[in-house]
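Below are the chains, spelled out letter by letter.
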Amino acid sequence: MSLSQIIIFIFTFTNKVVACYFHSKYHADKSSTYKKNGKKFEIQYGTGSMSGFLSQDHVRLGNMLVKDQVFAEATDEPGLTFLAAKFDGILGLGFQQISVQNVLPIWYNMINKGLVENPIFSFWMNRNTDDKEGGEIVFGGVDPKHFKGEHTYVPVTHQGYWQFNMGDVFIGGKSTGYCSSGCAAIADSGTSLLAGPSAIVAEINHAIGAEGIASKECKTIASQYGDIILELLIAQVKPQKICSEIGLCSFNGAHDVSTGIASVTDKDYGEEPRACSINAMCYACEAAVVWAHNQLSQNQTKIRILNYVSELCDRLPSPNGQASVDCDKMSSMPTISFTIGDKKFDLTPEQYILKIGEGSAAQCISGFTGLDVPPPRGPIWILGDIFMGVYHTVFDFGNNRVGFAEAA
């Protein structure tokens, strides 16, 4: 289940929906409680899209029956995303503010109909792939056997996705300084990896020895514009204006603007985060400025800073890009930590590296991927399954807050 927009049930097969050959389907004509709605809908996800129409029926979750729930019947699912997916539908648990066609989410219906004892739901994701039980979602409470200690709660700052404020990010116990003044974050079970600003993700991937996507444009920035970027930083020009000052980005009055920025702000959070086509030079420049500013604040020499920027160019991921690591070097990789509330939440290499296969055929993938969102909404992080698998997560609707505790 994922925190997305509305409930999706795959509808009967049409010529456009090859995915329906491989998934369970909803048949309105076989339901005595079905009610026609007929309004059309379209949803664009980070990967994939779907369209169809709305319907109404009773929905059963465990031993709970939610009557008269409006949901979406998908009749068109282009591409391979849903063809390869193991799930048959999407259960949206975000806020109604991002619901397509303003459909009342099933969670709201549970509360309105008095089906839950408390207005909270919680996630436990079992990271032990040998167990039969893959995880648990509890509507109306928490399961004490699936977490240790107390939850750290932070208030929701924007109702749409479950968004809150996050503090500094640490690599091997050392502050990156990138979010020391605060960053926005989203807890989302529908995101497999842990997504964050490309510049800091590149630093993390560099520290763990991940091989990212080499960027010719980034190398050009480092060699041709590195001195100018440093001079402007030393002259205390605001970092968010530097790339427009040297003509590689445009400036919108508050910050540099790249067409390569991925956004979760379209239609006021009406769409999933996704990457746009990139303006490579602007994208690379913005990353280089972040790295140089970080090193300058640590009183590094000019040569060291320029060399560091050049090194990180090889780690720079494209939006939604992935990076591989050497499985044999996991024991030497640093702990990556995130500050939420007044607590640091650690991720060890065994927790943030995805290992696929066994023995000599095993492949290891960094759990960190790039996602760039400009101010005022960004920078933003999406704490997906990599994080939620380590930390039991409570979505406290009644008190408008999110809580995390060590999973058990």
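Provided above is the structure to which this section pertains.
The rules behind each value
- Residue numbers run consecutively from 1 along every chain, following the written order of its sequence.
- Local features in this predicted model are restricted to residues whose pLDDT is 70 or higher, and side-chain atom pairs enter the listing and the counts only when it is 80 or higher, whereas totals over whole chains, interfaces and linings include all residues.
- To get the side-chain values, all heavy atoms of the structure are used, and hydrogens and water are removed first.
- Helical segments are the DSSP runs of H or I of at least four residues, strand segments are the runs of E of at least two, and each set is numbered from the N terminus.
- Classification of residues uses two cut-offs on accessible area relative to the type maximum, computed with a 1.4 Å probe and protein chains only: under 20% is buried, over 50% is exposed, and between them is partly exposed.
- Two N or O atoms count as a polar contact when they lie within 3.5 Å, although within protein this holds only if one can serve as hydrogen donor and the other as acceptor, and sequence-adjacent residues are included solely when both atoms are side-chain atoms.
- Any two residues having at least one pair of non-hydrogen atoms within 4.5 Å are treated as being in contact.
- Salt bridge, as used here, is a side-chain nitrogen of Lys or Arg placed within 4 Å of a carboxyl oxygen of Asp or Glu.

> Any chance you could explain the side chain of Asn 126 here in plain terms?
Looking at the element boundaries, Asn 126 is found in the loop between β6 (120–125) and β7 (135–139). Asn 126 sits in the buried class, given a relative accessible area of 13%. A polar contact is formed between the side chain of Asn 126 and the backbone nitrogen of Asn 128, at a distance of 2.9 Å. A distance of 2.9 Å separates a polar atom in the side chain of Asn 126 from the backbone oxygen of Glu 133. Asn 126 has contacts with Asp 131, Glu 133, Gly 134 and Gly 135, leaving out every residue within four places of it along the chain.

> What should I look at first to understand the pattern of salt bridges in this one?
When the charged atoms of two side chains lie near each other, side chains of opposite charge can form a pair. A full pass over the atoms with the stated rule returns six salt bridges. Where Asp 227 meets Lys 302, a salt bridge forms, and the shortest distance between an N and an O atom there is 3.1 Å. Taken together, the positions of Asp 227 in helix α4 (residues 216–234) and Lys 302 in helix α7 (residues 302–313) put the pair 75 residues apart, joining distant regions of the chain. Residue Asp 227 is classed as partly exposed on the basis of its relative accessible area, which comes to 35%. Arg 304 is the partner of Glu 311 in a salt bridge, and the nearest nitrogen-oxygen pair spans 3.9 Å. The exposure class of Arg 304 is partly exposed, given its relative accessible area of 31%.

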